[in-house]
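Results of the structural survey
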Amino acid sequence: MIDPEELLGWYSVAQRDLPWRRPGVSAWQILVSEFMLQQTPVARVDPIWRDWVARWPTPSATADAGAAAVVRAWGKLGYPRRAKRLHECAEVIATRYDDVVPDDVETLLTLPGIGTYTARAVACFAYRQRVPVVDTNVRRVVARAVHGLPDAGSPSRRDLEDVGALLPDDERAPVFSVAVMELGATVCTARAPRCGVCPLSHCAWRALGFPAGTAAPRRVQKYAGTDRQVRGRLLDVLRASSSPVSRADLDVAWTTDPAQRDRALDSLLVDGLVEQTADGRFALCGEGDPLP
DNA sequence: CAGCCGTGGAG
DNA sequence: TCTCCAAGGCT
């Protein structure tokens, strides 16, 4: 089980000083951090986020910057479609919600790039709502401490009910959620959990003697040689250039498999990350858009 | 729902 | 070197 007193006591002294957790950070800026943290480690997000919120503090500022500038500022955080969706999200909030980030989960779920986790994270961390927040860290901690399993199973709607039942009934709920995430990120880690410093004295996994379980080895995605790598190379070229680049300039970015290169470029066009200019060159989408 | 979508640090 | 994986979302 997870004793809130133990967990919160630990969090109060062990929490990392992350900039988006500080007082005065706006809901939009918290939302930006959540977008960036989708599958990208804290250490890489930190410096980008600081520059980002100083440059574009509001949804409208982000929307007005244009998609190309946003994708460029995203740099190498990975999964550039997230940058594209963040820009789209900013546009919707600026135009439809008067530049105010919605505060309810249902509305947040309708926004581009916001799914089950991010909607709840914003409602909880930005608006202090008592809603369960379930990410990969939370699922792992619950699997171990509550169910005595070495790792979380595949995601299910049961997770939300599980975590909802653990939430304190009072205003401590948001801190409880961030504390569970922090424990999963720094102590109850996927690879080498540091059980020796874990504050939870009633962990079911430990009580059972750390059973190994019948782990179904989850296959890790390949990267080298995949379309994702090719897309990354092409985007590298486009990010580095402030003007449209020729087809030849893109061709040299990936020469081992021209067919694969063409497919990758096409997928970038389909994703709306890249566009072709009238003269046949290529640029980040929205590169030439005039500002209102 | 399984597969796809980037990147780089750690072990 | 190579494998793993890091606050997911979308189709």
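As recorded in an unreviewed UniProt entry, chain A goes by A/G-specific adenine glycosylase and comes from Mycolicibacterium parafortuitum.

Under the definition given, this model contains zero disulfides. A disulfide-free cysteine, Cys 124 has its sulfur positioned 18 Å from the sulfur of Cys 89, the nearest such atom.

A word on the packing of aromatic side chains. Tallying each qualifying case throughout the model produces four aromatic pairs. A centroid spacing of 6.0 Å and a plane angle of 80 degrees characterise the contact between Trp 52 and Trp 74, whose relative ring orientation is edge-to-face. Placement of the pair is Trp 52 in helix α3 (residues 42–55) and Trp 74 in helix α5 (residues 67–74), with a sequence separation of 22 residues. Residue class for Trp 52 comes out buried when judged on its relative accessible area of 2%. The exposure class assigned to Trp 74 is buried, which follows from its relative accessible area of 1%.

Another aspect to go through is the side chain of His 87. Topologically, His 87 is positioned in helix α6 (residues 81–96). The buried category is assigned to His 87, whose relative accessible area is 5%. From its side chain, His 87 meets the backbone oxygen of Ala 63 in a polar contact 3.0 Å long. Look past the residues within four positions of His 87 in its chain and what remains in contact with it is Thr 62, Ala 63, Gly 66, Ala 67 and Val 70.

What follows covers the side chain of Asp 46. Position of Asp 46 relative to the elements: it lies in helix α3. Residues within four places of Asp 46 in sequence aside, it is in contact with Pro 19 and Trp 20.

Moving on to the protein's contact with DNA strand C. In the neighbourhood of DNA strand C, 27 residues make up the surrounding shell, with Glu 34, Leu 37, Thr 118, Asp 135 and Asn 137 lying closest. Between DNA strand C and the protein, one listed contact pairs a base nitrogen with a side-chain N or O atom of Glu 34 at 3.4 Å. Within the side chain of Asp 135, an N or O atom sits 2.9 Å from a sugar or linking oxygen of DNA strand C. Broken down by secondary-structure element, the contributors of at least two residues to the surface near DNA strand C are α6, α8 (116–126), α9 (136–145) and α11 (173–186). By residue class, the composition of the surface near DNA strand C is 10 nonpolar, eight polar and nine charged.

As a further point, take the pattern of salt bridges. Applying the stated criterion to the full structure yields 22 salt bridges. Residue Asp 271 pairs with Arg 231 through a salt bridge whose shortest N-O separation is 2.8 Å. Placement of Asp 271 in the loop between α15 (258–270) and β1 (274–276) and of Arg 231 in helix α13 (residues 227–240) is noted, with a sequence separation of 40 residues between them. The partly exposed category is assigned to Asp 271, whose relative accessible area is 22%. In this structure, Arg 247 engages Asp 262 in a salt bridge whose closest nitrogen and oxygen atoms are separated by 2.6 Å. With Arg 247 in helix α14 (residues 247–251) and Asp 262 in helix α15, this pair connects stretches of sequence that are 15 residues apart. Look at Asp 262 and you get partly exposed, because its relative accessible area is 35%.

Another aspect to go through is the environment of Gln 39. Relative to the helices and strands, Gln 39 resides in the loop between α2 (27–36) and α3. When its relative accessible area of 67% is taken as the criterion, Gln 39 is described as exposed. Separated by 39 residues in the primary sequence, Gln 39 and Gly 78 have C-alpha atoms spaced 8.4 Å apart.

Tracing the backbone through its elements, the reader meets Val 187 in the loop between α11 and α12 (204–207). Here Val 187 falls in the buried class, since its relative accessible area comes to 4%. Spatially, the C-alpha atom of Val 187 lies 17 Å from that of Glu 5, the residues being 182 residues apart in sequence. Beyond its immediate stretch of four places on either side in the chain, Val 187 contacts Trp 10, Glu 182, Pro 193, Arg 194, Val 197 and Cys 198.

The local shell around DNA strand B holds 18 residues, among which Thr 40, Arg 44, Pro 80, Gln 221 and Arg 231 are the closest. Each atom of DNA strand B within 4 Å of the protein belongs either to a base or to sugar and phosphate, the latter forming 56%. Here a base nitrogen of DNA strand B and a backbone polar atom of Gln 39 are 3.1 Å apart. A distance of 3.1 Å separates a phosphate oxygen of DNA strand B from a polar side-chain atom of Tyr 223. Counting residues per element, the ones that place at least two in the surface near DNA strand B are α6 and α13. The leading source of residues in the surface near DNA strand B is α13, at five residues. Residues that form the surface near DNA strand B fall into these classes: four nonpolar, five polar and nine charged.

What counts as what
Residues numbered from 1 in each chain as written. Chains lettered and ligands numbered in written order. Predicted model: local features only at pLDDT ≥ 70, side-chain atom pairs only at ≥ 80, totals over all residues. Heavy atoms only, no water. Disulfide = S-S within 2.5 Å. Phe/Tyr/Trp six-rings, centres within 6.5 Å; stacked < 30°, edge-to-face > 60°. Helix = DSSP H or I, 4+ residues; strand = E, 2+ residues; numbered from the N terminus. Buried < 20%, exposed > 50% of the residue type's maximum accessible area, 1.4 Å probe, protein only. Polar contact = N/O pair within 3.5 Å; in protein donor to acceptor, adjacent residues only side chain to side chain. Contact = heavy atoms within 4.5 Å. Near = heavy atom within 4 Å. Nonpolar A, V, L, I, M, F, W, Y, C, P; charged D, E, K, R; others polar. Salt bridge = Lys/Arg side-chain N within 4 Å of Asp/Glu carboxyl O.

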